Amino acid sequence: MITRTVSIYRESFTGLSRSVWLLSLVSFINRSGTMVIPFLSVYLTTKLGFTLGQAGGAMAIFGLGSLAGSFIGGHLTDRIGYYPVLFWSLLLGGGMFISLGYVSSVPAVYTTIFILSVIADSFRPATMTAIGAYSQPENRTRSFSLLRMAINLGWSVGPAIGGFLAASVGYGALFWADGLTCMAAAFAFRFYLKPKKSSKEKEAGSKAEKGNAPSAYEDRTYLVFLTMSTVVAIIFMQILSTLPVFYKQELQLSEAVIGALLALNGLLVFFLEMPMVFTLERRVNGLTSIGIGVLLYGASYLILNLPVAGLVLAVISMAMLSVGEIFNMPFTNTFAMSRTTDANRGQYMGLFSMSYSAAHIAGPYLSMKVAGFWGFSVLWYLMGALSVVIYFGFMLLKKLEKR
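Since the model is a prediction, treat every value here as computed from it, not as a measurement.

Conventions used here
- Residues numbered from 1 in each chain as written.
- Predicted model: local features only at pLDDT ≥ 70, side-chain atom pairs only at ≥ 80, totals over all residues.
- Heavy atoms only, no water.
- Helix = DSSP H or I, 4+ residues; strand = E, 2+ residues; numbered from the N terminus.
- Rg over C-alpha atoms; globule rule 2.2 N^0.38 Å.
- Areas by Shrake-Rupley, 256 points an atom, 1.4 Å probe, with all protein chains shown as cover.
- Axes fitted to C-alpha atoms, helices over the stretch in contact; angles between N-to-C directions.
- Left-handed = near helix turned anticlockwise from the far one by under 90°.
- Contact = heavy atoms within 4.5 Å.
- Nonpolar A, V, L, I, M, F, W, Y, C, P; charged D, E, K, R; others polar.
- 1 Å grid on protein atoms, 1.4 Å probe; cavity = no way out; pocket = protein on both sides within 12 Å on 5 of 7 lines; lining within 4 Å.
- Points joined across faces, edges and corners; volume = space filled by probe spheres on them.
- Salt bridge = Lys/Arg side-chain N within 4 Å of Asp/Glu carboxyl O.
- Buried < 20%, exposed > 50% of the residue type's maximum accessible area, 1.4 Å probe, protein only.
- pLDDT = per-residue confidence, 0-100.
- Phe/Tyr/Trp six-rings, centres within 6.5 Å; stacked < 30°, edge-to-face > 60°.
- Lys NZ or Arg CZ within 6 Å of the ring centre and 35° of its normal.
- Parallel < 35°, antiparallel > 145°, perpendicular 65-115°, else oblique.
- Polar contact = N/O pair within 3.5 Å; in protein donor to acceptor, adjacent residues only side chain to side chain.
- Patch = residues over 30% accessible without salt bridge, like charges linked within 9 Å, V, L, I, M, F, W, Y side chains within 5 Å.

Student: Let's hear about the overall build of the protein chain: which residues, and what values?
Tutor: The helix and strand tally for the protein chain stands at 17 helices and zero strands. Its C-alpha radius of gyration of 20 Å places the protein chain within 12% of the 22 Å reference for a compact globule of 403 residues. Considered along the principal axes of its C-alpha atoms, the protein chain spans approximately 60 × 45 × 45 Å. Summed over all atoms, the accessible surface of the protein chain reaches about 16,600 Å², with 67% contributed by carbon and sulfur.

Student: Report on the packing of helix α3 (residues 36-46) against helix α4 (residues 52-80), specifying residues and quantitative values.
Tutor: The contact between α3 and α4 brings their axes to 8 Å, and the two run at 145 degrees. Crossing of α3 against α4: the hand is right-handed. Side by side, α3 and α4 meet where Ile37, Leu40, Ser41, Leu44 and Thr45 of the first sit next to Leu52, Ala55, Ala58, Met59 and Phe62 of the second. Taken together, the residues that form the contact of α3 with α4 break down as eight nonpolar, two polar and no charged.

Student: Pulling in residues and values, what's your account of empty space enclosed by the protein?
Tutor: Counted under the stated rule, the structure contains one cavity of 30 Å³ or more. A volume near 1,000 Å³ is recorded for the largest cavity. Around the largest cavity sit 36 residues that line it, and Arg31, Asp121, Arg124, Ile151 and His360 are the ones nearest its centre. Elements with a contribution of two residues or more to the lining of the largest cavity: α2 (18-32), α5 (82-100), α6 (106-121), α7 (123-134), α8 (140-168), α9 (172-192), α15 (311-338) and α16 (345-374). Element by element, the count of residues in the lining of the largest cavity is highest for α8, at six residues. Class assignment for the residues of the lining of the largest cavity results in 19 nonpolar, eleven polar and six charged.

Student: A description of the pattern of salt bridges should follow, citing residues and the corresponding values.
Tutor: Evaluated as defined, the whole model comprises two salt bridges. Here Asp219 ties to Arg339 by a salt bridge, and the two come within 2.9 Å at their closest N and O atoms. One end of the pair, Asp219, is in the loop between α10 (200-210) and α11 (220-236); the other, Arg339, is in the loop between α15 and α16, and 120 residues separate them in sequence. Of the residues examined, Asp219 reaches a relative accessible area of 12% and is grouped as buried. We note a salt bridge from Glu255 to Lys248, for which the minimum N-O separation is 3.3 Å. Residue Glu255 is classed as buried on the basis of its relative accessible area, which comes to 14%. Relative accessible area serves as the criterion here: at 26%, Lys248 is assigned to the partly exposed category.

Student: Tell me about the confidence of the model for the protein chain, residues and numbers included.
Tutor: In this model, the protein chain carries a mean pLDDT of 82, and residues with pLDDT of at least 70 account for 92%. Confidence scores differ between elements of the protein chain, with α10 showing the lowest mean pLDDT of 43 and helix α14 (residues 286-302) the highest of 94. Every residue in residues 198-208 scores below 50 in pLDDT, and together they form three contacts with partners more than four places removed in sequence or on other chains.

Student: Now, about the packing of aromatic side chains: what can you tell me, with residues and values included?
Tutor: By the definition in use, this model includes 19 aromatic pairs. Considering the side-chain rings of Tyr82 and Tyr134, the 5.6 Å spacing of their centres and the 80 degrees angle between planes classify their relative orientation as edge-to-face. Here Tyr134 lies in helix α7 and Tyr82 lies in helix α5, a separation of 52 residues in the sequence. The two residues Tyr82 and Tyr134 agree in class, both being buried. Taken together, the aromatic side chains of Tyr222, Phe225, Phe335, Tyr348 and Phe394 make up a single cluster linked through ring pairs. Looking at Arg190, its charged tip hangs above the ring of Phe87, at a distance of 3.9 Å from the centre.

Student: I'd like a rundown of the packing of α4 against α7, residues and numbers included.
Tutor: Where α4 contacts α7, the axes come no closer than 6 Å and their chain directions differ by 40 degrees. By the angle between their axes, α4 is oblique relative to α7. Residues Ser66, Ser70, Gly73, Gly74 and Thr77 of α4 form the contact with α7, whose own contacting residues are Arg124, Pro125, Ala126 and Thr129. Per-class residue counts for the contact of α4 with α7 are two nonpolar, six polar and one charged.

Student: Could you give an account of the environment of Ser229, naming the residues involved and the relevant values?
Tutor: With respect to the helices and strands, the residue Ser229 is situated in helix α11. Residue classification places Ser229 among the buried positions, given a relative accessible area of 2%. When the C-alpha atoms of Ser229 and Val294 are compared, they prove to be 9.8 Å apart, with 65 residues separating the residues in sequence. Apart from the residues lying within four places of it in its own chain, the contact partners of Ser229 are Thr332 and Phe394. Looking at Ser229, its side chain comes within polar contact range of the main-chain oxygen of Phe225, at 2.9 Å.

Student: How would you sum up a nonpolar patch on the surface? Please name residues and give values.
Tutor: Judged by side-chain polarity, Phe71, Ile72, Leu76, Ile80 and Tyr217 come together as a nonpolar surface patch covering roughly 460 Å² of accessible area. Counting through the fold element by element, Phe71 comes out in helix α4.

Student: Lay out helix α12 (residues 242-249) with the relevant residues and their values.
Tutor: What sets the pattern is the α-helix's 3.6 residues per turn: residues three or four places apart point alike. The buried fraction of α12 is high, at six of eight residues. Turning to α12, its buried residues number three or more, namely Thr242, Leu243, Pro244, Val245, Phe246 and Tyr247.

Student: An account of unusual backbone geometry is needed here, citing residue identities and associated values.
Tutor: Of note in the backbone geometry, Gln252 takes a positive phi value of approximately 60 degrees without being a glycine. Inspection of the secondary structure assignment puts Gln252 in the loop between α12 and α13 (255-283).

The structure is reproduced here in structure tokens:
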């Protein structure tokens with residue numbers, strides 16, 4: 001049994017290109033500094049005195065900037081290529097994270113967050129396009145998983161260090177650490193990874209293809225998929241907004257413990273995703289896996305309404321959320337990528353990233369409002385109900401795809 005497990009784990013990493021490994025390394029460096037966003041709602045409510053509504057507004061502004069950044073990033077990726085977009089979004093985004101630590105008024109915070117998210121989230125469509133360039137169709141899902149594995153390892157490191165810094169040094173250290181690691185990732189990217197060179201024939205064909213490439217805005221199946229993915233993102237992204245506040249206000253957990261819980265998510269995904277995806281992609285339809293992941297999201301929130309809610313239940317909930325993420329996200333990325341060509345990949349991936357950005361806008365604001373007016377228990381019931389509805393939506397989409 002142990003030998004078989006080790007064999008599956010080893011096989012899940014074979015066949016991936018050196019460039020995918022290097023891009024994953026850069027993403028790990030970047031995500032290792034992810035300290036501000038997981039604690040932003042806590043920072044705004046406890047240190048700057050924002051109300052829940054104002055904190056939700058700040059997270060919505062972050063989503064609005066993310067929406068604009070995803071659109072701009074996708075457009076620029078198709079025009080100038082993924083390489084310069086990745087480098088400059090990392091470098092300039094690092095400077096904006098540092099700047100965020102020096103503003104305190106509501107207008108100043110909102111403005112800085114907007115500019116920061118525009119720059120930082122132009123990174124996403126460019127990264128996904130880079131994976132498309134550096135991978136092959138037969139290992140694309142695992143390439144996405146390796147990238148996510150690196151991101152989640154960084155995610156496990158960042159919040160844990162961030163919680164320690166917030167509790168022992170102060171929140172100011174978080175902004176500097178986040179900014180400097182973004183800049184370090186930018187220079188590591190420039191030093192280690194070179195843009196993939198295309199042949200003249202391929203470049204000429206790509207230019208001719210751009211004029212005839214189908215538009216993502218006319219792909220009805222893709223638009224339905226994106227609509228449901230937006231709702232799924234709203235459900236999952238409670239981890240970045242209301243869930244830390246729930247831990248703090250309802251469960252009375254310290255920032256260090258909250259950071260450890262968020263780090264648990266990254267660690268579980270880091271250790272489990274590659275072998276699970278390697279097994280799932282050969283046995284389960286991608287849309288089925290996506291739907292199962294959504295159901296696990298909902299269940300992870302619903303158990304927080306049990307009367308024995310505490311640290312142990314929070315750990316179980318985070319474990320369920322993490323497994324749901326493994327079932328859902330790699331196959332979501334692959335489905336989106338499967339509908340693209342070299343000529344329109346930036347547009348498709350930009351629109352895909354925009355769906356998550358829209359979730360950043362609507363999710364935190366509405367969720368904070370629900371929690372503020374009716375309490376967290378109502379919010380968790382709502383997330384569970386949405387998960388069931390979206391699950392059946394993906395199963396319907398699966399039937400339509402088979403036809």
